[in-house]
Amino acid sequence: MVPSKEKKFFIRFNISLTHYLKLSPFVCGINYRSMKNRIVWKEGENIFVVRKGKTSNDKISNGKPLVQTYTFSEKQWVLASTSKGFGMKKFFALDGSNCLDCPYSGNQGKGGCYTHKFNQYVGFLSMLRSISIEDLTPLDRDKQNEIIKMSFNTYVRFGTYGEPSLLPISLINGISYVADGWTGYTHQWEKKWANEYSQWFMASTHDAKEQRKARTIGFRSFIATTIGTEKAVSCPASKEMDYKSNCAKCGLCSGVLGKGTKDIKILEH
Ligand code: SF4
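The model shown is predicted, which means the values in this text are computed figures rather than measured ones.

Backbone hydrogen bonds are what pair the strands of a sheet, in a parallel or an antiparallel way. If you trace the five strands from one edge of the open sheet to the other, you get β1-β2-β3-β4-β5, paired in mixed fashion. In the strand order of this sheet, the two ends are held by β1 (38–43) and β5 (181–183), each with one partner. The average undirected angle you get between the axes of adjacent strands in this sheet is 15°. Bridge count for strand β3 (residues 66–73) against strand β4 (residues 155–161) is three bridges, and the pairing is parallel. Each residue of the ladder has a partner; that of V67, found in β4, is V156. Contacting β1, β2 (46–53), β3 and β4, helix α7 (residues 141–151) crosses the sheet at an angle of about 140° to β1.

Below you can see the structure in the form of structure tokens.
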């Protein structure tokens, strides 16, 4: 994280952290020339992965590398690393600690999350199988610095898999400080403990009633709607907007501190 000494420097000279980092790549003890592209840590029952790389998903990015965060349960890691052929249903049913009570999680019975697709599932298994027990140490300062380095001037997608509000606030704060932009969504917005995450993430809502409720507790909404009459801006990467943009370029789904002030909606087809 950025030491207070540097923060005072930014305030004194009235420059942004991003600008300062561009000018001096060796500040804060961070060497921006050597960089890892994946950091793993374990906290409680969950395993966190932050990875920099490309995606073939045009809705997310236009081919540039991006940083994505993943939260798996330790149970999912054990299953993936010790057996084969168990199937998606069994894998996603083990998401109690990393997806909590999200209505689209496997542990809640119905599933239906957009991550429960075969290609993504295969990617998750391969990611989990590449994690060794030696990787499962806590998030220390070195790991945090590596994450900040890889996020510098890059679009960051929080919660590519798993609940992003399980990430430490201090880490999210540091990442968003140096990132080119970010997006994130939470189904935990109604929980008191998750209120602070409204600064960076959108409340995942589904209609005008939930939208109003989220607004009263300080969240902007991302409304996945079947009606589409809600007062909100249509996602430019949606079918109804003719796939005009992508998240890396748009970045509107970035909570109160990010880009824009309005709620966003997308039609559920
Ligand atoms: S509004 Fe922008 S950031 Fe949000 S989902 Fe659509 S393209 Fe992505």
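Judged by nonpolar contacts, the single largest core of 48 residues is most densely connected at V156, I175, W182, M202, C253 and I264. The residues contacting I175, other than those within four sequence positions of it, are I147, I148, S151, V156 and W182.

What follows deals with the site of the ligand. Taken together, T183, C235, P236, A237, S245, N246, C247, C250, G251, L252, C253 and I264 form the complete shell of residues around the ligand. Its residues assigned to classes, the shell around the ligand shows eight nonpolar, four polar and no charged.

A few words now on unusual backbone geometry. Not every positive phi belongs to a glycine, and N153 is a case in point at roughly 60°. Here N153 is to be found in the loop between α7 and β4. Residue classification places N153 among the exposed positions, given that 12 C-beta atoms sit within 10 Å. Of note, D242 is a non-glycine position whose phi angle comes to about 65°, a positive value. Residue position: D242 is located in the loop between β9 (233–234) and α10 (247–250).

Relative orientation of the contacting elements helix α3 (residues 74–82) and helix α6 (residues 118–129) amounts to 85°, with a least axis distance of 9 Å. With respect to their mutual orientation, α3 and α6 come out roughly perpendicular. Contacts between α3 and α6 involve Q76, W77, A80 and S81 from the first element and L125, L128 and R129 from the second. Classifying every residue of the contact of α3 with α6 by side-chain character gives four nonpolar, two polar and one charged.

Thresholds, definitions, all that
- Here, residues in each chain are numbered from 1, in the same order as that chain's written sequence.
- Whole-chain, interface and lining totals are the exception, using all residues; otherwise, since this is a predicted model, local features are given only for residues with pLDDT of at least 70 and side-chain atom pairs are given and counted only at 80 or more.
- A pair of strands counts as paired when DSSP detects no fewer than two bridges linking them.
- Under the DSSP-based scheme used, a helix requires at least four consecutive residues in state H or I and a strand at least two consecutive residues in state E, with every element numbered from the N terminus.
- Between N-to-C directions, angles span 0 to 180 degrees; the directions come from axes that are lines fitted to C-alpha atoms, helices contributing only their stretch in contact.
- Each residue gets a C-beta atom placed from its backbone, and two residues are in contact if those atoms lie within 7 Å.
- What we call a nonpolar core is a set of buried Ala, Val, Leu, Ile, Met, Phe, Trp, Tyr and Cys residues whose membership is set by joining through C-beta atoms within 7 Å.
- Each residue is classified by how many other C-beta atoms fall within 10 Å of its C-beta atom, where C-beta atoms are placed from the backbone; a count of 20 or more means buried, 12 or fewer means exposed, and values in between mean partly exposed.
- To decide whether a residue is near a molecule or strand, its C-beta atom is placed from the backbone and checked for lying within 6 Å of it.
- All residues other than Ala, Val, Leu, Ile, Met, Phe, Trp, Tyr, Cys, Pro, Asp, Glu, Lys and Arg, Gly among them, are scored as polar; the first ten of these are nonpolar and the last four charged.
- Oblique is the label for every angle not falling under 35 degrees (roughly parallel), over 145 degrees (roughly antiparallel), or within 65 to 115 degrees (roughly perpendicular).

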